[in-house]
There are 2 protein chains.
Amino acid sequence: MSDQDLKLKFETMEAGDFKDFAKAMTDYIAEYLENIRDRQVVPSVKPGYLRPLVPEQAPEKAEPWTAVMADIERVVMSGVTHWHSPRFHAYFPTANSYPAIVADMLSGAIACIGFTWIASPACTELEVVMLDWLGQMLGLPESFLARSGGEAGGVIQGTASEATLVALLGAKNRTMLRVKEQHPEWTDTDILSKLVGYCNKQAHSSVERAGLLGGVKLRALQPDGKRRLRGDTLKDAIEEDVRNGLIPFYVVATLGTTSSCAFDNLEEIGEVCSSKNIWLHVDAAYAGSAFICPEYRYLMKGVDKADSFNFNPHKWMLVNFDCSAMWLKEPRWIIDAFNVDPLYLKHDQQGSAPDYRHWQIPLGRRFRALKLWFVLRLYGVENLQKHIRKHIALAHLFERLCSADERFEIYEEVTMGLVCFRLKGGNEQNEELLRRINGRGKIHLVPSKIDDTYFLRVAICSRFSEESDIHISWEEVKASADEILKAR
Amino acid sequence: MSDQDLKLKFETMEAGDFKDFAKAMTDYIAEYLENIRDRQVVPSVKPGYLRPLVPEQAPEKAEPWTAVMADIERVVMSGVTHWHSPRFHAYFPTANSYPAIVADMLSGAIACIGFTWIASPACTELEVVMLDWLGQMLGLPESFLARSGGEAGGVIQGTASEATLVALLGAKNRTMLRVKEQHPEWTDTDILSKLVGYCNKQAHSSVERAGLLGGVKLRALQPDGKRRLRGDTLKDAIEEDVRNGLIPFYVVATLGTTSSCAFDNLEEIGEVCSSKNIWLHVDAAYAGSAFICPEYRYLMKGVDKADSFNFNPHKWMLVNFDCSAMWLKEPRWIIDAFNVDPLYLKHDQQGSAPDYRHWQIPLGRRFRALKLWFVLRLYGVENLQKHIRKHIALAHLFERLCSADERFEIYEEVTMGLVCFRLKGGNEQNEELLRRINGRGKIHLVPSKIDDTYFLRVAICSRFSEESDIHISWEEVKASADEILKAR
Ligand SMILES: Cc1ncc(COP(=O)(O)O)c(C=O)c1O
Ligand SMILES: Cc1ncc(COP(=O)(O)O)c(C=O)c1O
């Protein structure tokens, strides 16, 4: 260290350059998104494509922003899978909207780390209020909302996976404490080895992972013929386990499974859980957004019996990743499980507002409520409902086209923006169909398999999707089927 | 659902409006950051301030962007703690730079979810290469880099807390498998209850939390007089535990503790871990950025013995949150621990490029490598080094000012951008000092306490900090001390 270091000046981007760069990027983004339909949805690059396109080391000197801008198409876009293209039908949608992008700019500029209230009061408080707005939009019971005046309330998690894990840890903590009171002679290890949780076999892989992470058994139960977990199945499993000396502590009900968008029977499951004092977590990662439309709320009947509820505005509600909304009736079980409280994080107002670091796995957190605020205001509830309704209508359009072709069958009832279908043939034929469709490079799908039946999934993903796009996607599927069936 | 839904159009932000809004936001951000020094660093709001400032519910209809823009000062900025103000000296810095903000715009526009290679090849591949660039900048051994051709390589985690947990899970998996081979008669529960990890008592709270989450014992060991964990202490603890039938499996060495920026003796610790086949994780969350300056690498001597290494470019290297860089020599132990592989996430190229979802706790992940790429290119290594050197020089300036006032003492040797100091008096006097300083509202500090000694921390946080700012901060400290000492 020398005194000269005190005078060091960066030779790098200043405010003027930033304005030019950000404005050029804004134009680039608008151009990219408005014309995304014309790009090849999945790039044809091979693993390792990128390394030769960039230098082996970081540059010593600052480069001009124009050099970076010039590399975007060449280096990045050449290897991007365009999730927001109307030709993209894989997985589930992920959100993207103009208001969310601008909100993230502001979040990046403020760049506070909102681990405690004092670390940036606005960051915590806007989140509390936005989760109340959102909870009302969904028709969640008041017992989940902060405005009800109790401890309940919402929090933005990074992902649904984290929400499932957080809920599991809360459930584990609550149960461990209860059992310890009943059996003071048992050690933590004893109790832990007896805990058992439950989910639908079709639950998302993150549920199994949460079990692995939390070090507890999770039983994946057989759904009914419509891929729904039913109350009786759950009840039988619980009673069997209790007879064997285990301690049921956690149930994940999935509303909108990843494979086929099936809905567990929440009403029946809720009854079982509340009668047996078991923590019920609802994972509505994708489908939860639809509950902003009252006509779909029948699918979440029984939600009043849940202890925690989660869905991803970053999937289907136009708020960019990461924004996974979670509500907890009794956050104390989680706060308690996580409470590690060093002096440098203490502050005078503790207790009068949530310190969200106790509600999540990571310590640091961005100002994520801004993008929720911007999206809710710049769309308004009405336009968000339109977005959902339109996607569902487009899915039904695809369903109709597919049903009208007698070579095909619909695998699962279409309720949301997902169509599960297959050729009336063997799995191999359907695997071949998928290979052809993706091989033609015009649209992108992923398959799924339930009970040895392989099928294809068309998810409506893009906010730019129109009727004509669905016809194009259907034509691609049909043409691929023609190829296969002709080839025979 | 009705057929009319197919024709639904949003009445909301289109590309033209987006351009106007994003450009207005760009100007606002430049104005905000360039004049941040003039804002009150911590707002004077009370818990609950925000709710009355916004409606009780989300609007039904879309609002114009100008309405949102008009609310930013009133609703948000009135409650923001300005982490990037030169008057902010709390915690450790968090990064913020113009290039990173623009990169995040692009990341938001592409909005891919990079859980597998195929889900967006560019997202995975740029990350692999950027972590190689960064590893070289730090002088990490080749055995951590992807370009070495083996399985090793880097990954961007959301936070250092997650990195510590991921490493712990890898260590747990590796050890469980080894012990199971040696003792096929032991159950998982048996083994788990014997595992024990180690860290410095001064390790970050996230280490204790990782132990809680992972369900394993972690022993916090007593550091030497300079708050450094030493090899002998570790060795003794391990040997004691082995005698008692436990299985040591994990050590976290901290380079730059949160309390006082002390450095564990990595060389000694590395020797112990490698001789005993224990996973060594290095947590250099804050201080790691300094290793881009060769003159500080002496502090990471022994890093070649580590299994995993982590630091946060989102703290001190001008890459906006979230960007925590982690390298693993043998990622297979983590991939293995997490490998839950549903059909809809499988793809043809599996194995030839990393599928990063197996390297992390969440499933979803943003395109975070872009901001690393933009920052490295638009600053260049040279300017990033200047940033580090200048912050360290400013810390030494504060140290000199403080040392020259005989009422004060420096609590910890200043090596990085943190000065730990106190009045030569009791803890209560120092608590009073902090209350006065923060109460005057000009600057913001947080305290710490080690072995019953309470002290104050001045972290150099802002990239706008200049010599004159340090003088102002020192004057604030001095004036507060004058008040107290006069009052007696
Ligand atoms: C039902 C369900 N749960 C959880 C997830 C995981 O979401 P995330 O990536 O936010 O963890 C998904 C993702 O598709 C899902 O469909
Ligand atoms: C030494 C150390 N480790 C870990 C962390 C946690 O960092 P993160 O917020 O990225 O989890 C910190 C934060 O200050 C730290 O100083």
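The model shown is predicted, which means the values in this text are computed figures rather than measured ones.

Once that is clear, we can look at the pattern of salt bridges. Per the counting criterion, the structure on display carries 89 salt bridges over all chains. As a salt-bridge pair, Asp 469 of chain A and Arg 37 of chain A come within 2.8 Å of each other at their nearest N and O atoms. With Asp 469 of chain A in helix α14 (residues 467-487) and Arg 37 of chain A in the loop between α1 (15-34) and α2 (65-76), this residue pair connects regions lying 432 residues apart in the sequence. Take Arg 37 of chain A: its relative accessible area is 28%, and that puts it in the partly exposed class. A salt bridge links Glu 151 of chain B to Arg 332 of chain B; the nearest nitrogen and oxygen atoms lie 2.1 Å apart. With a gap of 181 residues between them, Glu 151 of chain B in the loop between α4 (121-138) and β1 (153-157) and Arg 332 of chain B in helix α11 (residues 332-338) connect regions that are remote in the sequence.

Residues and elements named next belong to chain B. With 13 residues, helix α3 (residues 98-110) extends 19 Å from end C-alpha to end C-alpha; this agrees with the ideal 18 Å at 1.5 Å per step. In terms of burial, α3 is largely enclosed, as 13 of its 13 residues are buried. Just downstream of α3 lies Ala 111, where phi reads positive at about 45 degrees.

Judged by nonpolar contacts, the single largest core of 262 residues is most densely connected at Phe 309 of chain A together with Phe 309 of chain B. Those residues in contact with Phe 309 of chain B that lie beyond four places of it in its chain are Leu 138, Leu 140, Phe 144, His 281, Val 282, Ala 284, Phe 291, Met 300, Val 303, Ala 325, Met 326 and Trp 327 of chain B. Within the second largest apolar cluster, 65 residues are counted, among which are Val 179 and Trp 359 of chain A together with Leu 165 and Phe 249 of chain B.

So, about the site of ligand 2. Of all residues adjacent to ligand 2, which total 16 residues, the nearest are Ala 160, Ser 161, Thr 258, Asp 283 and Asn 312 of chain B. Of the chains in the model, those with residues near ligand 2 are chains A and B. The backbone of Ala 160 of chain B places a nitrogen or oxygen atom 2.8 Å from an oxygen atom of ligand 2. Lys 315 of chain B places a side-chain nitrogen or oxygen 3.1 Å from an oxygen atom of ligand 2.

Residue and element names in this part refer to chain A. Under the present numbering, the feature "modified residue: N6-(pyridoxal phosphate)lysine" (unreviewed entry) in UniProt falls on Lys 315. Along the chain, Lys 315 turns up in helix α10 (residues 313-316). Apart from residues lying up to four places away in sequence, Lys 315 is in contact with Phe 92, Pro 93, Thr 94, Ala 95, Ala 285 and Tyr 286.

Residue and element names in this part refer to chain B. Burial of strand β10 (residues 446-450) is extensive: four of the five residues sit out of reach of the surface. For β10 and strand β11 (residues 453-459), the ladder comprises five bridges, and the chain directions are antiparallel. Bridging across to β11, Ser 448 finds its partner in Phe 455. Count of turn residues in the β10/β11 antiparallel hairpin: two residues, of which Asp 451 carries a positive phi of about 45 degrees.

Before going further, it helps to examine the relation of the copies chain A and chain B. At an RMSD of 0.0 Å, chain A and chain B line up after a rotation of 180 degrees and a shift of 0.0 Å along the axis. On the angle and the small slide along the axis, the relation comes out as a two-fold axis. Of every C-alpha in chain A, the one belonging to Lys 23 of chain A sits nearest the axis of rotation, 3.0 Å from it. Mapped onto chain B, 100% of the interface residues of chain A again fall at the interface, so both copies present the same surface.

Let's shift gears to the interface of chain A and chain B. Taken together, the contact between chain A and chain B spans 163 residues of the former and 164 residues of the latter. With both sides pooled, the region where chain A packs onto chain B buries about 14,500 Å², and carbon together with sulfur makes up 65% of that total. Area buried by chain A at its contact with chain B is led by Arg 209, Tyr 344 and Arg 377 of chain A, which between them contribute 6% of it. Taken together, the connections running from chain A to chain B amount to 17 salt bridges. Across the pair Glu 467 of chain A and Lys 7 of chain B runs a salt bridge, and its minimum N-O distance is 2.5 Å. One can count 65 residue pairs in polar contact (both at pLDDT 80 or more) joining chain A with chain B. The dominant element in the side of chain A that touches chain B, judged by the number of residues it contributes, is helix α12 (residues 369-403) of chain A, at 21 residues.

Next up on the list: the site of ligand 1. Lining the immediate environment of ligand 1, one finds 16 residues, of which Ala 160, Ser 161, Thr 258, Asp 283 and Asn 312 of chain A sit closest. One chain alone does not account for the residues near ligand 1; they come from chains A and B. A distance of 2.5 Å is found between an oxygen atom of ligand 1 and a side-chain nitrogen or oxygen belonging to Ser 161 of chain A. Separating an oxygen atom of ligand 1 from a side-chain N or O atom of Thr 258 of chain A is a distance of 2.9 Å. Expressed as a share of its isolated accessible area of 390 Å², the protein-covered part of ligand 1 is 95%.

Looking now at the sheet that holds strand β5 (residues 279-283) of chain B. Residue and element names in this part refer to chain B. With mixed pairing, the seven strands of this open sheet are ordered in space as β1-β7-β6-β5-β4-β2-β3. With one partner strand each, in any of the chains shown, β1 and β3 (217-221) form the two edges of the open sheet. Within the sheet, the average angular offset between the axes of one strand and its neighbour, ignoring direction, is 20 degrees. Strand direction decides the pairing type here: strand β2 (residues 195-200) and β3, joined by five bridges, are parallel. What sits directly across from Tyr 198, in β3, is Arg 219. Lying on the sheet, helix α5 (residues 160-182) is in contact with β1, β2, β4 (247-254), β5, β6 (308-311) and β7 (324-328); it crosses β4 at an angle near 155 degrees.

Definitions and cut-offs
- Residues numbered from 1 in each chain as written.
- Chains lettered and ligands numbered in written order.
- Predicted model: local features only at pLDDT ≥ 70, side-chain atom pairs only at ≥ 80, totals over all residues.
- Heavy atoms only, no water.
- Salt bridge = Lys/Arg side-chain N within 4 Å of Asp/Glu carboxyl O.
- Helix = DSSP H or I, 4+ residues; strand = E, 2+ residues; numbered from the N terminus.
- Buried < 20%, exposed > 50% of the residue type's maximum accessible area, 1.4 Å probe, protein only.
- Expected span 1.5 Å × (residues − 1).
- Core = buried A, V, L, I, M, F, W, Y, C linked by side-chain atoms within 4.5 Å.
- Contact = heavy atoms within 4.5 Å.
- Near = heavy atom within 4 Å.
- Polar contact = N/O pair within 3.5 Å; in protein donor to acceptor, adjacent residues only side chain to side chain.
- UniProt positions renumbered as here; feature names shortened; annotations may be inferred.
- Pairing = 2+ DSSP bridges.
- Least-squares fit on C-alpha atoms with pLDDT ≥ 70 in both.
- Buried area = accessible area lost by both parts, 1.4 Å probe.
- Areas by Shrake-Rupley, 256 points an atom, 1.4 Å probe, with all protein chains shown as cover.
- Axes fitted to C-alpha atoms, helices over the stretch in contact; angles between N-to-C directions.

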